[in-house]
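Chain by chain, the residues:
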Amino acid sequence: MSSSEAETAELFRETSEKAISYLKGLKKRHVAPTEEGLRGMEKLPQSLPDHPTPPQQVLDLLDTYGSPATVASNGGRYFGFVIGSALPAALAANWLAGAWNQNGAKQIMSPIAARLEATSLRWIRELVGLPSEADGAFVSGDTMANFSGLAAARHAVLTRAGWDAEKDGLFGAPTINVVLGEEAHVSVGKALTLLGLGRERIIRVPTDDQGRMAADRLPSSLKGPTILCTQAGNVNTGSFDPFPELVDWARNNGAWVHVDGAFGLWAAASPLLKKLTRGMSGADSWATDGHKWLNVPYDSGVVFVREPSNLVAAMGSPAAAYLNFDSSSDRFDFAPEMSRRARGADAWAALLSLGKSGLIDLVERSCRHAQRFAELLREGGCTILNEVVLNQALVSFGDDRRTRDVVKAIQKEGTCWCGETSWKGRVAMRISVSSGKTTEEDVNRAATAILKIARDM
Ligand SMILES: *Cc1c(COP(=O)(O)O)cnc(C)c1O
């Protein structure tokens, strides 16, 4: 080994030691970074030096001043937003795939990336019970998965109306009715913006007390191309839209049904929770995340389309001679990106390391933890604002001001981290249990800290 090879090997060994000790430290540290941890970032170079810095020194800086300024969301006591931790096998696969540094765009660029993507997609499709003809791709996250599914929808409904959107754009195209629930996730609005469908010129359907679309409030006589956006897993309550009624309505109106199932899609893998997703597989496209409940490292999202030709039509690019190596395993024409990291590798490792039983356990355990949070906090005098049907709980500590103050104090105290939201006009604290690392002890510890803070306030 030449000296520089030896140095590189040493760099990787030391980096893996740093990573291991970071991961170990997650158990003990404040969940939010401390003031001191944040101040450390000032020590990082501000202007780009004229000359090279040795790699070891670069990594030292990153670990010394970077690691303390992270949020410990890769541990067991982070309950903000909907953020999963990274399973050990998935993180390790991500490291190895980083060493491979494959471009997952085409099979000819990386046979293994293509294989792992195809296998992971099939496993996920089977786990959550989507139709066997459905296919798709890994994308950067659920926002892009929504975008991709809705791009396929746009293609399909306009083709039926005799318009070629990919060729002629939307200028002069037939109007598309876009129907979505009042509680649709903001990323759906963003996807509609990117697709030229507009996030304001939509038909909003009222929702019930849990945020489920009211099927009896769907518009009665819609004409022309129509897309219905539904949701599996409300970001606040965890509730599911009533798919059987929505899919019926769509069939009667010739509409395309898209499901935003960023985390809720995974409930379909559990025999216990599957009933929440009844009818979901009758849709035309589905979006979900790997980096949320599957506990795959960032970033990882998945889109599925029942008739994949609609996705290919929407995502296909004009021919270029140098890219002309078509293979049946290519997902080049399934995703908005061309170059892509080998996202299938870490998802494959997550799924294989869990097996079916492990995935079911991950999902069901998170829901039990959310139930326990609700019980403990209710016993402690807090109000739970939602029916805890999944992994989400909404908590009120009294009036809006008090709830807001308690949430801030919880974030600062550091035992756990929960975010703030507003639900049906009331300020609430959101608890989202999405990490396989969360133990019952973590829940007890977090609930005890939350109640103490609320009492002392
Ligand atoms: C998180 C989330 C999204 C956005 O997903 P990203 O992975 O952040 O792009 C969309 N919809 C729902 C319901 C979500 O929870």
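Per-chain numbering applies: the sequence of each chain, read as written, is numbered from 1 onward. Given that the model is predicted, a residue must reach a pLDDT of at least 70 before its local features are reported, and side-chain atom pairs must reach 80 or more before they are shown or counted; all residues, however, enter totals for whole chains, interfaces and linings. Values reported for side chains reflect all heavy atoms of the structure, with hydrogen atoms and water molecules removed beforehand.

What to know about the nonpolar core
Note on soluble globular proteins: their nonpolar side chains tend to be buried together.
Stage number 1. Side-chain atoms within 4.5 Å link the members of a nonpolar core, which is a set of buried Ala, Val, Leu, Ile, Met, Phe, Trp, Tyr and Cys residues. Here's how the labels work: a residue is buried when its accessible area is under 20% of the maximum for its type, exposed when over 50%, partly exposed in between, all with a 1.4 Å probe on protein chains only. One finds Leu-228, Trp-286 and Leu-294 to be the most contacted residues of the largest nonpolar core, which totals 50 residues.
Stage number 2. Only runs of H or I of at least four residues qualify as helices and only runs of E of at least two qualify as strands under DSSP, and these elements are numbered from the N terminus. Of all the secondary structure elements, the ones that give two or more residues to this core are α5 (111-127), α9 (243-253), β5 (256-260), β7 (301-305) and α11 (343-379).
Stage number 3. The biggest single contributor to this core is α11, with 8 residues.
Stage number 4. Once you skip the residues sitting within four places of it in the chain, Leu-228 turns out to touch Val-179, Met-213, Leu-218, Leu-246, Trp-249, Ala-250, Trp-256, Val-257 and His-258.
Stage number 5. Membership of the second largest hydrophobic core comes to 32 residues, among which are Phe-147, Ile-176, Ala-191 and Val-303. Residue contacts are defined here by distance: any two heavy atoms, one from each residue, within 4.5 Å place the two residues in contact.

Overview of the domain arrangement of the protein chain
Stage number 1. Residue ranges assigned to the domains are those given by an automatic or database domain assignment. When the domains of the protein chain are assigned, the result is domain 1 (3-30 + 33-70) and domain 2 (93-350).
Stage number 2. A straight line from the C-alpha centre of domain 1 to that of domain 2 covers 37 Å.

Concerning empty space enclosed by the protein
Picture a little ball the size of a water molecule; that probe, rolled over the atoms, points out where space is still empty.
Stage number 1. The distinction between a cavity and a pocket rests on a 1 Å grid over the protein atoms alone: a 1.4 Å probe fits inside a cavity but cannot get out, while a pocket stays open yet meets protein on both sides within 12 Å along at least five of seven lines, and a residue with an atom within 4 Å of a point counts as lining. Grid points are joined across faces, edges and corners, and a volume is the space filled by probe spheres set on the points. Under the criterion given, the structure shown has 4 cavities of 30 Å³ or more.
Stage number 2. Considering only enclosed or pocket space, the largest cavity measures out at about 50 Å³ in volume.
Stage number 3. Lining the largest cavity, in full, are Asp-142, His-185, Gln-231, Gly-233, Val-235, Asp-260, Ala-262, Phe-263 and Lys-292.
Stage number 4. Each residue gets one of three labels, nonpolar for Ala, Val, Leu, Ile, Met, Phe, Trp, Tyr, Cys and Pro, charged for Asp, Glu, Lys and Arg, and polar for the others, Gly among them. Residue composition of the lining of the largest cavity, grouped by class: 3 nonpolar, 3 polar and 3 charged.

Some remarks on the site of the ligand
Stage number 1. We define proximity as follows: a residue is near a molecule or strand when any one of its heavy atoms falls within 4 Å of that partner. In the vicinity of the ligand lie 13 residues, with Thr-143, Asp-260, Asp-289, His-291 and Lys-292 positioned nearest.
Stage number 2. A distance of 3.4 Å is found between a nitrogen atom of the ligand and a side-chain nitrogen or oxygen belonging to His-185.
Stage number 3. Side-chain atoms alone can form a polar contact between residues adjacent in sequence; in general such a contact is a pair of N or O atoms within 3.5 Å, and within protein one must be able to donate a hydrogen while the other accepts it. A distance of 2.8 Å is found between a nitrogen atom of the ligand and a side-chain nitrogen or oxygen belonging to Asp-260.
Stage number 4. Bound to the protein, the ligand loses 84% of the 380 Å² it would expose on its own.
Stage number 5. Spatially, the ligand is embedded in the largest cavity. Using the Shrake-Rupley algorithm and a 1.4 Å probe, accessible areas are obtained, with residue cover drawn only from the displayed protein chains. Molecules are considered to sit inside a cavity or pocket once more than half of their atoms lie within 2 Å of its grid points.

Topic: helix α10 (residues 308-315)
Stage number 1. Among the residues of α10, those classed as buried are Asn-310, Leu-311, Ala-314 and Met-315. Looking straight down α10, one finds that the buried residues subtend no more than 120° of arc, so they occupy a single side.
Stage number 2. In this structure, the buried side of α10 is in contact with β1 (135-139), α6 (142-160), α7 (165-168), β5 and β7. Directions pointing from the helix axis toward each C-beta atom define the arc.

Here we look at the layout of surface pockets
Stage number 1. Volume-wise, the largest pocket comes out at about 790 Å³.
Stage number 2. Lining the largest pocket are 25 residues, with Ala-19, Tyr-22, Leu-23, Leu-91 and Trp-95 positioned closest to its centre.
Stage number 3. At 8 residues, the largest contribution of residues to the lining of the largest pocket is made by helix α1 (residues 3-25).
Stage number 4. When the residues that make up the lining of the largest pocket are grouped by side-chain class, the tally is 14 nonpolar, 9 polar and 2 charged.

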